[in-house]
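Spelled out, the chains give:
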Amino acid sequence: MTSDHAESIAAARTAIQSSRNPCCFSGAGLSAPSGVGTFRDPGDGWWSRHDPMKLASPEGFSEDPELVMKWYAARREQMAQARPNAGHLALANRKDIVQITQNTDDLLERAGCDRLVQLHGDITSDRCHGHCGHVERVDMSNPPLDRMCPACGDERMRPTVTWFGEALPSSAWSLAEQTARECDLMLVVGTSAVVYPAAALIEVASRSGATIIIVNSEATAASPLADHELIGSAEELLPRLLESS
Ligand code: BJW
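Let us look at the structure shown here. (Residues numbered from 1 in each chain as written. Predicted model: local features only at pLDDT ≥ 70, side-chain atom pairs only at ≥ 80, totals over all residues. Heavy atoms only, no water.)

This part takes up the overall build of the protein chain. Looking only at helices and strands, the protein chain features 11 helices and nine strands. In summary, the protein chain has a C-alpha radius of gyration of 18 Å against a globular reference of 18 Å for 245 residues, a match within 12%. With the C-alpha coordinates aligned to their principal axes, the bounding extent of the protein chain is approximately 60 × 35 × 30 Å. Sequence separation of at least 24 residues holds for 64% of the intrachain contacts in the protein chain that already meet a minimum separation of 6. Accessible surface, the protein chain: about 11300 Å² in total, of which carbon and sulfur atoms supply 48%. Between the centroid of the 21 positive side chains of the protein chain and the centroid of its 33 negative side chains there is a distance of 3 Å. (Helix = DSSP H or I, 4+ residues; strand = E, 2+ residues; numbered from the N terminus. Rg over C-alpha atoms; globule rule 2.2 N^0.38 Å. Contact = heavy atoms within 4.5 Å. Areas by Shrake-Rupley, 256 points an atom, 1.4 Å probe, with all protein chains shown as cover. Lys, Arg positive; Asp, Glu negative; His and termini not counted. Charge placed at Lys NZ, Arg CZ, Asp CG, Glu CD.)

With 17 residues, helix α6 (residues 65–81) extends 25 Å between its outermost C-alpha atoms, agreeing within 8% with the 24 Å of an ideal straight helix rising 1.5 Å per residue. Where α6 is concerned, the buried positions are P65, V68, M69, W71, Y72, A73, R75, R76 and M79. Here the buried face of α6 lies against α3 (46–49), α4 (52–55), α5 (58–63), α8 (107–111), β4 (121–128) and β6 (157–161). (Expected span 1.5 Å × (residues − 1). Buried < 20%, exposed > 50% of the residue type's maximum accessible area, 1.4 Å probe, protein only.)

This next bit is on the pattern of salt bridges. Taken as a whole and judged by the stated rule, the model has eight salt bridges. Note that D96 and R94 form a salt bridge whose closest N and O atoms lie 2.9 Å from each other. A salt bridge links R240 to E236; the nearest nitrogen and oxygen atoms lie 3.2 Å apart. With R240 and E236 both in helix α11 (residues 234–242), this residue pair falls four residues apart, about one helical turn. Owing to a relative accessible area of 33%, R240 belongs among the partly exposed residues under this scheme. Exposure remark for E236: the relative accessible area of 39% places this residue in the partly exposed category. (Salt bridge = Lys/Arg side-chain N within 4 Å of Asp/Glu carboxyl O.)

If you want it as structure tokens, here you go:
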């Protein structure tokens, strides 16, 4: 680690310590050190091996529900093996930080976060793809495959997540937008910041005058908005940024 890096961490720590209303906006890079796959990392990101529109859109699901549910089963089994890492735990220990996440896993919750806003839903349950409203918690170690809704029998069951072309859960979105508008500091962790409207929250916070601190293993679309940018692993950097010395 260079002394520049140590100085950047010290400057970001000072900003966090003087913040009165901090929030965190996270993505797949936060859970990557726990063994949960990211989407856009070259080589091992899901989207470098699969077409996102076939796996994460209503059109893809209608075309091949068996393929989509097999992909979710593989991800769920991966998540069932995962444990919260030092990054999740460092965030969870800071009860003053509202956690806005694009992640659908439950690792922040399992780390002990209670102020959690999940923008893209929750992979630990399935819901009816129709309008009957039936929701079921799934066994992540033995995840279900393609099946019809047991309540209405008319439509298939699908993960309770947000696919491309679908609206984000409205209460989560309203709370996230308000949090971004009112925060004085936003920690942006492990996201490529290319998926909208979620990524717009960084712009909202920046426009409202909040300090933006990015923790990511590479520069991202949000880099131009950063007041402090720390390039490295969330698992290593978050404890150094957040824990009292
Ligand atoms: C590390 C690390 C380590 C690795 N430490 N860092 C404006 C312009 C263009 C397009 C649009 C637009 N507005 C809307 C759109 C369309 C679309 C969109 O954004 N498309 C773009 C991608 C082109 N958006 C939508 O369709 C959204 N819906 C919508 O707009 O609805 C409109 C509507 C309104 C009213 C009625 C109806 C419709 C929905 C988006 C849904 C996204 N869904 C997914 C999959 C489902 C969830 C699931 O199964 O889990 O959500 S896609 C995928 O991307 C997933 C993620 O939550 C999301 C974000 O990805 P994330 O977290 O940033 O991961 P990566 O892999 O991209 O990045 C990881 C980063 O971490 C990398 O930088 C690594 O380097 C880094 N990293 N290890 C630190 N250890």
